[in-house]
Structures are given as structure tokens and as C-alpha cells.
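Given next are the chains, with one letter for each unit.
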Amino acid sequence: MRHPTLRAAVAFAFLATGVLGVLSVARADKSRVLVFPGADAAAVRPHSEPISHIPPDPPPMVSRKQWVFDLRWSKGEPYLLGVHELDLGTPQETQRAMGRFAIELFAGPTLIERVRFDFPMLGAVEEQDAGYMAPPSFQKNLTSRIGVMFPEVNRGTRLELWDRATDKRWPLPWPPGGADAAAR
């Protein structure tokens, strides 16, 4: 190697990273329990947390056509402005993202699809008035708009808009295209 100092610097960086990693693991909270593949997690955990009543996101659906839900957030309430169909040309998976809000499709009690999103400029739920020390608030007077793509499927009985932060739900029309979509 032409640069022995560069080689030494790289070796030192790898060594330092490894030492810092070992130190951080050594300082970790001792109540943590490592679970190894094949081990029964419930038997290993001394203090198990309650199981969430919220089902995990289902596998993404593949659809050529999508419904675009035009949603508005205005002064603390969501509004559905309209729904239109979009043809993508080729079948594509539903995009997965994190977000405070979700559009969920159910068939009876079974979750079929969930699409998460956020309204632009809307942050986390704000605490009640904290007096003069409170940070500036956008949520109270914010009006924001977003288009959310949802796969066109011929299953499902109920569609809902869910605010995950406040656990509020609002019904959405399903199927969105009315009688034309129901005939498909």
C-alpha cells in the first residue's frame, strides 16, 4: 500500500468503532433481554408488554388502478373533497410509509389494506394550553391538503380514515366509485 498512514488510520477507525460498540452494549440497560432465533420470546421476557390490539399492516396489494382520495385537514377536522380513479399502466404494489393517519379497508373485522400518510405541516398532537411557555401552534388554524393513493380492489365492506394519534375514525365511501365500481 502506498500510504501506510492511511492504512493505519482506517485500521484505527475500525478498532475504535468496535470498542465503542462493545462499551455501549456493556452500558445498556440491564433489564433488556436478548432473544435468540428459535427461543420462545414469551418464556425469556420477564416483563412482557401487553399485546397491541392494532393488527400489523397487511402485505401490500398489487393493483394497476388506484383510487386517489383528495383529503383536507382544516382546523382540526379532516374532510373528503373527492375521489378519482388513476390508471398506473402496470400493476404496482401499494406504497408503504409511516404516518399519523391511515386509510384502512376491512372485510368484516379483517383488515385487508392500510395506507398511512401525513397531512403536510401537521405535526404530533399538541398538549392543551401550556401557557406562555408553549411552543407556537400550527394545528389550531392549519388548513392542509393531500392526495392519498389507495389500491382499487373488489373486496372489503368498510373503509375508514383513522387518526392514529387521537384514535378517532371517520367512515369513507366504499366502493368510492358508487354503482359503477360495485358492478366491476
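Note that this is a predicted model, so its numbers are computed, not measured.

Basis of the calculations
Residues numbered from 1 in each chain as written. Predicted model: local features only at pLDDT ≥ 70, side-chain atom pairs only at ≥ 80, totals over all residues. Heavy atoms only, no water. Helix = DSSP H or I, 4+ residues; strand = E, 2+ residues; numbered from the N terminus. Buried < 20%, exposed > 50% of the residue type's maximum accessible area, 1.4 Å probe, protein only. Contact = heavy atoms within 4.5 Å. Areas by Shrake-Rupley, 256 points an atom, 1.4 Å probe, with all protein chains shown as cover. Pairing = 2+ DSSP bridges. Axes fitted to C-alpha atoms, helices over the stretch in contact; angles between N-to-C directions. pLDDT = per-residue confidence, 0-100. Phe/Tyr/Trp six-rings, centres within 6.5 Å; stacked < 30°, edge-to-face > 60°.

**Quick look at the overall build of the protein chain**
Along the backbone of the protein chain there are three helices and seven strands. Tracing the protein chain from N to C terminus, the helices and strands come up as α-α-β-β-β-β-β-β-β-α. For the protein chain, the residues scored as buried account for 27% of the 184 residues in total. The contacts in the protein chain between residues at least 6 apart in sequence include a share of 64% that link residues at least 24 apart. A total of about 13,200 Å² of accessible surface is found on the protein chain, and carbon and sulfur atoms cover 59% of it.

**Quick word on the sheet that holds strand β2 (residues 77–93)**
Strands sit in the order β2-β1-β5 across an open sheet of three strands; the sheet is antiparallel. Each edge of the open sheet is held by one strand with a lone partner, namely β2 and β5 (143–151). Taken pair by pair, the neighbouring strands of this sheet meet at an average axis angle of 20 degrees, ignoring direction. Note that strand β1 (residues 62–74) and β5 share nine bridges and pair antiparallel. Within the sheet, the bridge partner assigned to Trp-67 lies in β5 and is Phe-150.

**Digging into the sheet that holds strand β7 (residues 168–172)**
Across the sheet, four strands lie side by side as β4-β3-β6-β7; this open sheet has antiparallel pairing. The sheet is open, and its two borders are formed by β4 (110–117) and β7, each paired with just one other strand. Across the sheet, the mean angle from the axis of one strand to that of its neighbour is 25 degrees, orientation sign disregarded. Inspection of the sheet shows strand β6 (residues 158–163) paired to β7 by five bridges, in the antiparallel sense.

**Describing the confidence of the model for the protein chain**
The share of residues in the protein chain with pLDDT of 70 or more is 59%, and the mean pLDDT across the chain is 76. Confidence drops under pLDDT 50 across residues 19–26; counting only partners more than four residues distant or on other chains, this segment forms zero contacts.

**Focus on the pairing of β6**
When you tally the buried positions in β6, you get five out of six residues, the bulk of the element. In textbook terms, the turn of a hairpin is the stretch between consecutive antiparallel strands, and for β6 and β7 this stretch comprises four residues, one of which, Asp-167, has a positive phi near 60 degrees.

**Quick word on the packing of aromatic side chains**
Note on aromatic pairs: each is described by the distance of the centres and the angle between the planes. With the rule as written, the count across this model stands at seven aromatic pairs. Centre to centre, the rings of Phe-101 and Phe-119 are 5.0 Å apart; their planes meet at 85 degrees, and the pair counts as edge-to-face. Placement of the pair is Phe-101 in strand β3 (residues 101–107) and Phe-119 in the loop between β4 and β5, with a sequence separation of 18 residues. Relative accessible area serves as the criterion here: at 1%, Phe-101 is assigned to the buried category. Every member of this aromatic cluster is reached through a ring pair, and the members are Trp-73, Phe-101, Phe-117 and Phe-119.

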